[in-house]
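# Results of the structural survey
Below are the chains, spelled out letter by letter.
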Amino acid sequence: MTFPRLLKMLVIRNIREDKFFAVLSVIGIALGTGLFTGVKVASDRAISSFESEIHGISPVATYEIYDSAGTDFDERVYPTIRRISPDSLPVIRTFGFLPAWKDAIDIHGIYSLKAARFLRRGMTGAGTGRGALFSALDWESFYRTENGVFVPKELCDRYLLKKGDTMEAFVYDRAVTLTISDMLPAGTLPGTTVLMDIGNFQDAFRKTGLLTRIDLAVDEGTAGEIRAILPPHLAIAKKEELIENRKGLVTSFRYNLQFVSLIAILVGVFLLYNTVFMTVVKRRTEIGILRALGMERKTVIFLFTAQGLLLGLVGSLIGIAFGQLAAYFSVIAVEKTVSTLYSTIAISDYLLSGRDVLMSLALGTCISLIASLVPAYEASTIRPHETSREGSFEGRYRPYERALACAGIASIVIGISLAYLDYRYAPFSFPLLAYIGILFMIGGFTLVSPFTLVLMLKLLKRPAERFFRSSATLSAGDLRGNAYRFSVALMSVATSSALIFSLLIVIFSLRGSLQSWIDRNITADIYIKPASCKANYCFAPMSEDIVRAVESIPEVEAVDRFRGLHLDLFGKKVVAGFFDTGVKRTFLQRRHRDREYETVLREMENGEPVVGISEFLAIRHGLKKNETIEIQSPAGPVPFRIIDISSSYSTTSGYLAFHRRWLKTLWGLDDTTQMSAYVKAGADVGDVIAGLKARLLPSYALEIMNNRELRGKILDIFNKSFAITYAIELISIAVSLTGVISTLLSLVIERKREIGILRYLGTDWGQIRRTFVLSAGCIGITGIMLGTVLGLLMSLILIHVVNTISFGWEIQFRIPFLFLAVLSGLVFLTTVLAGSLPATIAKKIDPKRFISFE
Amino acid sequence: MIRLERVEKYYGSHRVLRGIDLRIERGEFLAIMGSSGSGKSTLLNLIGGMDRPEKGNVFVDGDNIAAYSDDQLTLYRRKRVGFIFQFFNLLPNITVFENIALPLLLRDSTDTSRVKMFIERMGLRGKDDAYPYQLSGGEQQRVAIARAFVHDPDIILADEPTGSLDSETGMMIMDTIRQVVRETKKTVILVTHEPYIAEYAERIARIKDGVILP
Ligand SMILES: Nc1ncnc2c1ncn2[C@@H]1O[C@H](COP(=O)(O)OP(=O)(O)OP(=O)(O)O)[C@@H](O)[C@H]1O
Ligand SMILES: [Mg+2]
């Protein structure tokens, strides 16, 4: 019963008195946990959207048959399969794009009757009653209406659609109008799945006789039986394996963002730690008295942990709301990134589940516990008579300064070694070691910071005293005497400037490298692809009419027809591109001289089986130039010699570049999924595009861009996919700068008495302000110094380890010196301003109160 | 010479000083006595330029400091006043040497010879680089005295300087103060409860209910 009283007396009152800091730390925790949760939810939803895409509409299917090149295949194989396993569902599917809402849908063409049976079978196990729901649908309209579709209720709700409405969609290379024959009750199918009768589908989209896959509910034995009779271009695989394979796509995205949000959490922990620590310092007299009166140590620990927990709990509650917001934006970001870099993915669900909420709360509670335990323990070590001796509270840490610094350096070395291990061996598919390494480094820098501060003081004190006299002496004393508390501010500056620096270096380097990639790859005058395809690479062929139409335009000098395929390489899906190397080479030098690439292209034309691979594959599989890799083709495995390894910024799943001839000889295909055209010298590209549009757009839905537009779009996509990272980092930066203000402010509040003494001694406000500003400035300079070193290390790791492992992007390390200098100046200015704010507050203190009345 | 004329000081509606008239000659050693809460510290704050009276004048060598601006008061304290407090009030984070040098530093003086001299005089040799918390109470008070004298002010204001010391150390401190004052001919105003401390002064003024007893 006394505990609640004590809680109220010490904890609640503390929080009320230091509202500002309480609010700050609550915000810090809220942002950290919110971001973390948001990112987790986004990647979870991406994964479940993969799952539902692969499971399709048949929950009982365990295997699927698909074309290993990722193309549609001839349905005539089906009767044989059906004979072995009647539990099979042929599906043709594609992604459609709804231009009105800029949203993707997953269109399935199904044999309705068969699907209903298939589903009813699933029903007996799961008891979802899907079968019954299915029989209530308006099948009449579904079959009869041109482009009649069943649409999930979720989609209808989102865009205010109802039965009988129509919606405009880009499907393959055309624009079509889909009619909603009926609504699928909520929860039956993923919110983006649209059903169509397979006959109607094949007819409407000119896919007669084609299937995308066959879903099977079979056991391993039957699967083996089927495998034996499949033609070579078809593969049968377990759904679970396909899902696992697909998850890899979001892993890097997920871990990168989660890492960044971890930094935000770290900043929150800093703030909370600082808040609790401050109260301990402020209340040390009371703690001393209470201890003298017989309060147990564990009660003291309990009291201050309770304060931290209380703040942490409030923070994580707000964090849930923020997490929901973050989830919404991360879902958009994941969708965009995966859609452009791999292939379309449609996520409709971004709401936090009960488990996410619990996880978020648990996370917030855990970190606030950690953040408050240390200062709570410190509070418990306060001795009853400690209060009368000024300065002894901080003083007792002094002997550990060197030990801490040594531990810090050790930690930094460990961090660097971990990152190096990842760089050399990359034992995981995402840069786990590098991330842990960065955390170790941040931890190490934190431990080193008090020592660094003291060292800086030794260096700066004399020269500063020459210029600033008493203010310098006072400021140096202050910094020295409160080295530990100032270290918190120091680390806030250091982490925020490290974040700023590393981010800038990464952006700058990436942009530079991207620019040279664009120069090499974006060489044509006109780019054409189906409007339904929002990814960088498209896999559904365009009508030959389009190709012919482009070729027939007199101003067009040459056309490069590109074909994208999904190929299996070492058991993973990679993107293969087949293009006309001759055309590419001929026009390469028009915009940009690249002798090396010219040689590569020439070699591809020789007729030898050679391939260019992306750095990602080289890193993942330890491949080198002139080694041979086996490419799986319908004609069996074919050895290709690697002649080029280059960065591919257009995909994150690995890329193979082939001469177009292999498409025909090995896959028997000669179609085009996207194309580019070169215009004759003197002709106006704008006019040609206008002519093309006039001729093609009435019957086709195409995206036609000129060179400049495509370049702009690529850069834009990049900026967008990094936008969330930028946002998170900006938040962390803002929060850590408030950390600086909070520490300085807390010092004024504690320093009331000393300011009083100084006033008695005839110190004017200018001198007092100068003292604070000097302290802040010293923190700023030291923090920026540490931050620069940390930021450089971090950016090296981000560029050479994290990027290469997670995206396979080799980036040229570049330092934007001018930018960094300007930014350091700004950070410095911010800290100095942060320093003059407390000085203003100090002015309000009545010195007599703290001197006369002891 | 310090002269207070009909000085009144209010805290809100509470009239702490009710018309103080007091004259202190240059070089005089005055003790002020009175019960707790009678307004001794308030009076010292007025003379020391920490505060201004609501009514009345405080003349220091002919200038009315009651009419000074904040900046003028700051300068006045810095140049002309030395404070000694009951609880020493040293700055915890700077060394003994720096604490003593502070008033000089505040005036941008780099001449530290006087600091060294006072360290010697106060028997603080070897403690230059110590921090206040490493000193005993008596030593801390000696540092505070050195700080009050180092910049050679005309007026020394001491508010119960021996209040938190035992009587032996207190007398030692008083001996030191008297000795330095005699040599430097400073005006000293000392607030104390202890009659034996008051005896160090040349004159004793008693304050009661906000007025000086005749
Ligand atoms: N800042 C203030 N606000 C309100 N009242 C004040 C303030 N400072 C002093 N007082 C009041 O003025 C009166 C005189 O205070 P002062 O500190 O001058 O007494 P004192 O004679 O020095 O007492 P002591 O011997 O206990 O130090 C007291 O009654 C006190 O309550
Ligand atoms: Mg008093």
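Note that the structure is predicted; figures quoted are calculated from it, not measured. (Residues numbered from 1 in each chain as written. Chains lettered and ligands numbered in written order. Predicted model: local features only at pLDDT ≥ 70, side-chain atom pairs only at ≥ 80, totals over all residues. Heavy atoms only, no water.)

With 26 residues of chain B in contact, the opposing surface of chain A contributes 32 residues. Between chain B and chain A, the buried area comes to about 2,900 Å², and carbon and sulfur atoms account for 60% of it. Ranking the residues of chain B by area buried against chain A places B:Asn93, B:Leu106 and B:Tyr133 at the top, with a combined share of 23%. The tally of links from chain B across to chain A stands at two salt bridges. Across the pair A:Asp764 and B:Arg78 runs a salt bridge, and its minimum N-O distance is 2.6 Å. Of all the secondary-structure elements, those providing two or more residues to the side of chain B that touches chain A are helix H2 (70-80) and helix H3 (96-106) of chain B. The element that contributes the greatest number of residues to the side of chain B that touches chain A is H3(B), accounting for four residues. A breakdown of the residues in the side of chain B that touches chain A according to their chemical character gives 15 nonpolar, five polar and six charged. (Contact = heavy atoms within 4.5 Å. Buried area = accessible area lost by both parts, 1.4 Å probe. Salt bridge = Lys/Arg side-chain N within 4 Å of Asp/Glu carboxyl O. Helix = DSSP H or I, 4+ residues; strand = E, 2+ residues; numbered from the N terminus. Nonpolar A, V, L, I, M, F, W, Y, C, P; charged D, E, K, R; others polar.)

A few words on the packing of helix H18 (residues 483-521) of chain A against helix H28 (residues 817-842) of chain A. All names here are of chain A. At a closest axis distance of 11 Å, the pairing of H18 and H28 adopts a crossing angle of 160°. Classed by the angle they form, the pair H18 and H28 counts as roughly antiparallel. Seen along the crossing, H18 lies across H28 with a hand that is right-handed. Contacts between H18 and H28 involve Val493, Ile500, Phe501, Leu504 and Ile505 from the former and Phe819, Leu820, Leu823, Ser824, Val827 and Thr831 from the latter. Broken down by class, the residue content of the contact of H18 with H28 amounts to nine nonpolar, two polar and no charged. (Axes fitted to C-alpha atoms, helices over the stretch in contact; angles between N-to-C directions. Parallel < 35°, antiparallel > 145°, perpendicular 65-115°, else oblique. Left-handed = near helix turned anticlockwise from the far one by under 90°.)

This paragraph deals with the domain arrangement of chain A. Residues and elements named next belong to chain A. For chain A, the assigned domains are domain 1 (1-64 + 233-396), domain 2 (73-211), domain 3 (449-521 + 712-854) and domain 4 (533-700). Just the C-alpha atoms count here: the centres of domain 1 and domain 4 sit 46 Å apart. The partner domain 4 presents 15 residues to the eight residues of domain 1 that form the contact. Between domain 1 and domain 4 lies a buried interface of about 940 Å² when both sides are counted; carbon and sulfur atoms form 54% of it. Linking domain 1 with domain 4 are zero salt bridges, by the criterion used here. Between the two partners, domain 1 and domain 4, sit zero residue pairs in polar contact (both at pLDDT 80 or more). (Domains from an automatic or database assignment. Polar contact = N/O pair within 3.5 Å; in protein donor to acceptor, adjacent residues only side chain to side chain.)

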